[in-house]
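Each chain is listed here by its residues.
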Amino acid sequence: MKKILLLLFILASSSVTYAQTEDESLYYNNIEVYKDLQLSSKQTAQIKDLKRDVKKQFQAIGRDRTISGYEKGQRKRALALKHKSDIEKILTKNQINTFEKKYGKMSEKGGLKDIIGDTYEQKLEALKKRYESEKDAIEDNDNLSKSEKKARLESLKDTYKSQKESLKREKKSAKNAFS
């Protein structure tokens, strides 16, 4: 009897956990990625409202079955560019300068997600090149034994993988902050 009650309690508590509605604040938590921009509470609220509106518009474009995939892409790109210009209007000159130092020019034709994505792609590429050159240096070192080479290569590979995953998480978080 105790086992049955325990099982029912576990099922009920797990059902409650999964039945909760999606918390919209989770969608906006990535705005903390831009702590270095030192957004005011008013700016944060404006960006949250803007993101909420843009999200709904993107979803509406995606659900529209009357337009082709190409046209959906064009509309989404135009919406992303409008979103970027709206955010530029919210930020101060100093905040824009800080953003541009970190990610590149806001005035480029791409949306903010594209700019941020390109920045992280460059970082990932540089990381890969550095890994390859260090790997070659270890392999070409004749002063190391086979086992020492193997150990260093494994260590280098583990470090590379962890740095790569870290950059990918940063990229995803940063792209979500202004999307």
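What counts, and at which threshold
Residues numbered from 1 in each chain as written. Predicted model: local features only at pLDDT ≥ 70, side-chain atom pairs only at ≥ 80, totals over all residues. Heavy atoms only, no water. Phe/Tyr/Trp six-rings, centres within 6.5 Å; stacked < 30°, edge-to-face > 60°. Helix = DSSP H or I, 4+ residues; strand = E, 2+ residues; numbered from the N terminus. Buried < 20%, exposed > 50% of the residue type's maximum accessible area, 1.4 Å probe, protein only. Core = buried A, V, L, I, M, F, W, Y, C linked by side-chain atoms within 4.5 Å. Expected span 1.5 Å × (residues − 1). Arc of directions from axis to C-beta. pLDDT = per-residue confidence, 0-100. Contact = heavy atoms within 4.5 Å.

Focus on the packing of aromatic side chains
- Applying the stated criterion to the full structure yields one aromatic pair.
- Here Tyr-131 and Tyr-160 contribute two aromatic rings whose centre-to-centre distance is 4.3 Å and whose plane-to-plane angle is 15 degrees, an arrangement assigned as stacked. Of this pair, Tyr-131 sits in helix H6 (residues 112-140) while Tyr-160 sits in helix H7 (residues 146-177), and the two are 29 residues apart along the sequence. No difference in accessibility class separates Tyr-131 from Tyr-160, as the two residues are buried.

Considerations on the nonpolar core
- The biggest cluster of nonpolar side chains holds 13 residues, and the ones touching the most others in it are Leu-39, Ile-47, Leu-50 and Leu-91.
- At the level of elements, helix H3 (41-63), helix H4 (69-90) and helix H5 (93-103) are the ones that each hand at least two residues to this core.
- Among the elements that take part in this core, H3 stands out by supplying four residues, more than any other.
- Counting residues in each nonpolar core, the second largest holds nine residues, with Leu-127, Ile-138, Leu-156 and Tyr-160 among its members.

A short note on H4
- Relative to the 32 Å expected for 22 residues at 1.5 Å per residue, H4 spans 31 Å between its end C-alpha atoms, a close match to the ideal helical length.
- Taken residue by residue, H4 has Lys-72, Leu-79, His-83, Lys-84, Asp-86, Ile-87 and Ile-90 as its buried positions. Seen end-on, H4 carries its buried residues on one side only, within an arc spanning 165 degrees. Projecting away from the buried face of H4 at angles above 90 degrees are the exposed residues Tyr-70 and Lys-89.

Quick notes on the confidence of the model for the chain
- Mean pLDDT for the chain: 75, with 68% of residues reaching 70 or above.
- Looking over the chain, one finds the lowest element-wise mean pLDDT in helix H2 (residues 24-28), namely 39, and the highest in H3, namely 88.
- Contacts of residues 16-29 to residues separated by more than four positions or lying in other chains number eight contacts, the stretch itself having pLDDT below 50.

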